Amino acid sequence: MADPGDSYPLPDPKLRAYDHGLGTLSLDGELRGYLASVVRRMTFPSKAPWPWFRVIWLDGRMEPSFEDYGPGWWTVRELDAGTLDYNGPSIDKERRVLGVRFRYSVPGDDCAFDFAWLDREAAAAKWNELGLRDEDF
C-alpha cells in the first residue's frame, strides 16, 4: 500500500473518463453493480478536478455518494489499477427505542471489486437506463 503522504500523478489531469463515466463492479467474474462518476471543479484553492462517485447495485439501490481529490487520489488510483475496495450492499435495519421506530443502514461486508470502465456510448446508455442525474452526486 502507498504511503499516506504519497501523491499520485494523474494519467489524465482533467479526469475526462470520470466525467459522466460508468464502470462495472464484479466479484469473481460476476457483475454486482456499477460505479458512476461526475467531475466537478474545485474553486478553492485551485481549479483542480473533483470527482464524485456513486455505487448502484443491480437491484437499483444506490449507496451514498463519495468524493476523491489530490494529491493522494486514493479512489482514482484504485480505479486506474482496475479495482475498488468498497463495501457490499448496505443492509437496512430497524430498531425501536421507547416505542419509536428508527430505520438505518449499515455497510455490507468489505469487498475488493474488479472495476472496468464502459465505453462512452455504453456509459451514456446505462446512465439513462439507471435514471442518473448530476444531482445524485
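In short, a report on the structure. (Residues numbered from 1 in each chain as written. Predicted model: local features only at pLDDT ≥ 70, side-chain atom pairs only at ≥ 80, totals over all residues. Heavy atoms only, no water.)

Taken in spatial order, the six strands line up as 4-3-2-1-8-5 in an open sheet, and their pairing is antiparallel. Edge positions in the open sheet fall to strand 4 (66–67) and strand 5 (83–87), since each of these has one partner strand only. Lying on the sheet, helix 2 (residues 120–130) is in contact with strand 1 (21–27), strand 2 (30–41) and strand 3 (49–57); it crosses strand 1 at an angle near 85°. (Pairing = 2+ DSSP bridges. Helix = DSSP H or I, 4+ residues; strand = E, 2+ residues; numbered from the N terminus. Contact = heavy atoms within 4.5 Å. Axes fitted to C-alpha atoms, helices over the stretch in contact; angles between N-to-C directions.)

Summed over the entire model, instances satisfying the criterion amount to eight salt bridges. A salt bridge links R16 to D12; the shortest N-O distance between them is 3.2 Å. Classification of R16 by relative accessible area gives exposed; the value is 54%. Taking the shortest distance from any N to any O, the salt bridge between R133 and E135 comes out at 4.0 Å. Residue R133 is classed as partly exposed on the basis of its relative accessible area of 46%. Taken together, the shared-partner salt bridges in this structure form one network comprising E94, R101 and R103. (Salt bridge = Lys/Arg side-chain N within 4 Å of Asp/Glu carboxyl O. Buried < 20%, exposed > 50% of the residue type's maximum accessible area, 1.4 Å probe, protein only.)

When you line up the elements, A112 lands in strand 8 (residues 110–117). Given the relative accessible area of 53%, A112 is considered exposed. Separated by 79 residues in sequence, A112 and G33 have C-alpha atoms that sit 13 Å apart. Sequence-distant contacts of A112, defined by excluding residues within four places in its chain, comprise L27, L84 and D85.

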